[in-house]
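Breakdown of the fold
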Amino acid sequence: MAQTLEAPQMKANVDRQWQLFIDGEMVAGAGTRDLIDPATGKVLCKAPEADKTQVEKAIKAARKAFDHGPWPRMSALERASMLNKLADAIDANADELAELETLNGGKPLRETQYDIADSAYVFRYYAGLVNKPSGQSIEVPAPSVTTVVREPIGVCGQIVPWNYPLLMAAWKLAPALAAGNTCVLKPSEFTPLTVLRLAEIIKEIGFPEGVVNIVAGAGPAVGQPIAESLLVDKIAFTGSVKTGKLIAQSALTNLKKVTLELGGKSPMVVFDDFDVDVAVDYALFAIYCNAGQVCSAGSRMVVDAKIYDSFIKKMAQRAEQIVVGPGMQDGTEMGPLVSKSQYDRVLEYIARGKKEGARLVTGGEALKVEGHENGYYIKPTIFADVKRDMAIVQEEIFGPVVVVQKFESEEEAIELANDSVYGLAAAVFTNDITRAHRVVKALRAGITWVNAYHNTYTECPWGGYKQSGWGRELGTFGLEAYTEVKQININLDPQPVGWFENRNN
């Protein structure tokens, strides 16, 4: 392993016995999986994997905790206090968690440090939100009094991806727990370490048994039983469209509530009245942050014909200057791909783009980093002069690959931007405020920006149109997604209804 990963200031210890978390206890997995350090291509450590029996035990523990345990019956303030303690503990272990996530997933330490801080904030946000007014009092004819209340759904199955392991777990656990639900959460089999460490922290804090259960493993062995279980009331999934559709089908077993946050092929529309250098700077951030392994990545640049050539030239010059290397190394700006399978997948798309006739502007090949020759590095890649039906234009690559499309008019820009089965995110860059409002409202996406990219907030809803998913996470919408709505009617003066005549008198 490279010396930078063995520095004495390291707080993360990966060479240890990692365990699952079931019914309040840390337990060994039925099997193990070798986790590969994406920076080196070498084995990092062994992670536990659950079998179907352990998954079923976790589900039954969550069911018992919801039906008979104290968590749903606690006051909102009591649950909020526990969530705040969890947030404090995440902050207290932030350095260790950030290092674990960098070692496990490959992204630069400067990114994981932000992600861990954001994870703590998500728990604090829902701790603060859960005791705010949420019901309704309805004006109805006397003597009735009618209210509408929100109650927890029950047992929530949650499946999170590998690109933001702890943060995606926080997005799901925090609102679910705040509302009074119990959870069975599956981290990605590629990046489970920070979520397994979170399980240890949850146990240390003293959450009631069965309220949170963490079961790691592959989708068929762990995710599918959760999605199919008749004891699970809701499923929340973040990942690919293909897997999302399978999750939705499995959820039909008992008509579970379903939240799906799926893929994207998000456009960034740049008009000629905007500063090209500033637009290029945002474009780099939009696509190369986390090596493009972001569902909302700006993977399509839709650029005004008047600045098309200049934009491409300047973006290529800047992309070639990006420092690619191991995430734990000082100065690294973009890390490796998360796994060999993802690395191969992105290279296959690059080869396909070349074969389809797109013009490769820069990148387009693997990168050998000195001292880390077996790591999963790919050069920042730009394709231009693409056609709308090319695979690299229509399909989510999930890597450091961007395509640049040219438009001649505002109408064509909107048409190109919306020409996708996805609708997660989109942006428009222009100094014309009237045009900005007009175009951003025409973009068929759930998360949009004007003259910005990637800045999102826990307080705001996250989700997309079309095949980018169902429902919303975060904000008040995220809390509501983990509740059932109940109507309560109370008759304050019960008298005979008299609908049917009483013939006994």
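For the structure, see preceding data.
Residues numbered from 1 in each chain as written. Predicted model: local features only at pLDDT ≥ 70, side-chain atom pairs only at ≥ 80, totals over all residues. Heavy atoms only, no water.

**Overview of the pattern of salt bridges**
Throughout the structure, instances matching the rule amount to 31 salt bridges. With a closest N to O distance of 2.9 Å, Lys-172 and Glu-473 form a salt bridge. One end of the pair, Lys-172, is in helix H5 (residues 165–179); the other, Glu-473, is in the loop between strand S21 (469–470) and helix H15 (475–480), and 301 residues separate them in sequence. Taken as a pair, Lys-172 and Glu-473 share a single burial class, namely buried. (Salt bridge = Lys/Arg side-chain N within 4 Å of Asp/Glu carboxyl O. Helix = DSSP H or I, 4+ residues; strand = E, 2+ residues; numbered from the N terminus. Buried < 20%, exposed > 50% of the residue type's maximum accessible area, 1.4 Å probe, protein only.)

**Description of empty space enclosed by the protein**
Here the structure, examined in full by the defined rule, presents five cavities of 30 Å³ or more. Volume-wise, the largest cavity comes out at about 80 Å³. Lining the largest cavity are 15 residues, and of these Pro-267, Ala-417, Tyr-422, Ala-425 and Arg-444 sit closest to its centre. When contributions to the lining of the largest cavity are tallied by element, the ones reaching two or more residues are helix H13 (410–418), strand S17 (422–423) and strand S18 (425–429). Per-class residue counts for the lining of the largest cavity are eight nonpolar, four polar and three charged. (1 Å grid on protein atoms, 1.4 Å probe; cavity = no way out; pocket = protein on both sides within 12 Å on 5 of 7 lines; lining within 4 Å. Points joined across faces, edges and corners; volume = space filled by probe spheres on them. Nonpolar A, V, L, I, M, F, W, Y, C, P; charged D, E, K, R; others polar.)

**Focus: the pairing of strand S15 (residues 381–384)**
Burial along S15 is two-sided: Thr-381 and Phe-383 and Ile-382 and Ala-384, pointing in opposite directions, are all buried. Sheet analysis places strand S14 (residues 359–362) next to S15, joined by three bridges and oriented antiparallel. By the bridge assignment for S15, Thr-362 is matched with Ile-382. Relative to strand S16 (residues 401–407), S15 runs parallel, the two sharing three bridges. Residue pairing across strands places Phe-383 opposite Val-403, the latter belonging to S16. (Pairing = 2+ DSSP bridges.)

**Thoughts on the packing of helix H9 (residues 276–288) against helix H10 (residues 308–319)**
Relative to each other, H9 and H10 sit at 55°, their axes nearing to 9 Å. It follows from the interaxial angle that H9 and H10 lie oblique. Between H9 and H10 lies a crossing whose hand is right-handed. Here Val-276, Asp-277, Ala-279, Val-280, Asp-281, Ala-283, Leu-284, Ile-287 and Tyr-288 of H9 come into contact with H10, specifically with Ser-310, Phe-311, Lys-314, Met-315, Arg-318 and Ala-319. (Axes fitted to C-alpha atoms, helices over the stretch in contact; angles between N-to-C directions. Parallel < 35°, antiparallel > 145°, perpendicular 65-115°, else oblique. Left-handed = near helix turned anticlockwise from the far one by under 90°. Contact = heavy atoms within 4.5 Å.)

**Concerning the nonpolar core**
In terms of nonpolar packing, the biggest core is built from 110 residues, with Tyr-288, Met-301, Phe-311 and Met-315 touching the most fellow members. With twelve residues, the single largest contributor to this core is H5. With sequence-adjacent residues up to four places away left out, Met-315 is seen in contact with Val-280, Ala-283, Leu-284, Ile-287, Tyr-288, Met-301, Ile-382 and Val-402. In terms of nonpolar packing, the next biggest core, distinct from the first, is built from 27 residues, Val-215, Ile-235, Ala-251 and Tyr-422 among them. (Core = buried A, V, L, I, M, F, W, Y, C linked by side-chain atoms within 4.5 Å.)

**Re helix H7 (residues 219–228)**
All of the buried residues along H7 are Val-222, Gly-223, Pro-225, Ile-226 and Ala-227. Those residues of H7 hidden inside the fold are in contact with helix H1 (52–68), strand S7 (155–159), strand S8 (182–186), strand S10 (234–238) and helix H8 (241–250).

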